[in-house]
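So the chains spell out like this:
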Amino acid sequence: MSIKVRFFASLADQVGIRRQTLAAESIHTVEDVWAECVRELPIPGNALVAINQQYAKFDSIVEDGDEIAFFPPVTGG
């Protein structure tokens, strides 16, 4: 399984990763992706996630070839 992972904005600064590709058979959910990339940090309570540019939940299923994006809440005004 190959999964592209991206971290954006302050979340990327916090975890120290911008892009990563995972080749892991034990990944089933977005939460598994986070755990594989960022083993030492829990998921921030306000973090957002998208699968293939569509908002998702951390218990969403991940499939081969997906792009997972983690980012902080979007604000605007």
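Residues numbered from 1 in each chain as written. Predicted model: local features only at pLDDT ≥ 70, side-chain atom pairs only at ≥ 80, totals over all residues. Heavy atoms only, no water.

A. View of the overall build of the chain. A tally of regular secondary structure across the chain gives two helices and five strands. The order of α-helices and β-strands along the chain, N terminus first, is β-α-β-α-β-β-β. Taken against the 2.2 N^0.38 rule, which gives 11 Å for 77 residues, the C-alpha radius of gyration of the chain at 12 Å falls within 12% of a compact globule. Considering only C-alpha atoms, the chain reaches an extent of 40 × 25 × 20 Å along its principal axes. Residue burial in the chain is summarised as follows: out of 77 residues, 39% are buried. Taking as baseline every contact in the chain between residues at least 6 positions apart, the subset at least 24 positions apart corresponds to 48%. Here the chain has roughly 4800 Å² of accessible surface; of this, 48% comes from carbon and sulfur atoms. Positive and negative side-chain charges of the chain, numbering 6 and 11 respectively, have mean locations separated by a distance of 9 Å. (Helix = DSSP H or I, 4+ residues; strand = E, 2+ residues; numbered from the N terminus. Rg over C-alpha atoms; globule rule 2.2 N^0.38 Å. Buried < 20%, exposed > 50% of the residue type's maximum accessible area, 1.4 Å probe, protein only. Contact = heavy atoms within 4.5 Å. Areas by Shrake-Rupley, 256 points an atom, 1.4 Å probe, with all protein chains shown as cover. Lys, Arg positive; Asp, Glu negative; His and termini not counted. Charge placed at Lys NZ, Arg CZ, Asp CG, Glu CD.)

B. Quick look at the pairing of strand β1 (residues 3–7). Here β1 shows a clear split, with Ile-3, Val-5 and Phe-7 buried on one side and none of Lys-4 and Arg-6 buried on the other. Summarising the sheet, β1 and strand β2 (residues 19–22) pair through four bridges and their orientation is antiparallel. For Arg-6, the partnering residue across the bridge sits in β2 and is Arg-19. Bridge count between β1 and strand β5 (residues 67–71): four bridges; the pairing is parallel. (Pairing = 2+ DSSP bridges.)

C. Highlighting unusual backbone geometry. Phi angles above zero are rare outside glycine, and Ala-9 is one such case at about 55°. Mapped onto the fold, Ala-9 is located in helix α1 (residues 9–15). On the basis of relative accessibility, which here comes to 48%, the residue Ala-9 falls in the partly exposed class. The backbone of Gln-53 shows a phi angle near 70°, a positive value even though the residue is not glycine.

D. Molecular detail of the pattern of salt bridges. The final tally for this structure, using the stated rule, is two salt bridges. For Asp-13, the salt bridge identified is with Arg-18, shortest N-O distance 2.7 Å. Asp-13 gets classed as exposed once you look at its relative accessible area, which sits at 55%. Taking relative accessible area as the criterion, Arg-18 reaches 47% and is therefore assigned partly exposed. A salt bridge links Glu-36 to Arg-39, with the shortest nitrogen-to-oxygen separation between them at 3.1 Å. (Salt bridge = Lys/Arg side-chain N within 4 Å of Asp/Glu carboxyl O.)

E. Quick look at the pairing of strand β3 (residues 48–51). The pairing of β3 with β5 spans four bridges and is antiparallel. Of the residues in β5, the one forming a bridge with Val-49 is Phe-70. Here β3 pairs with strand β4 (residues 54–56) via three bridges, running antiparallel. From the neighbouring strand, Val-49 faces β4, where its bridge partner is Ala-56.

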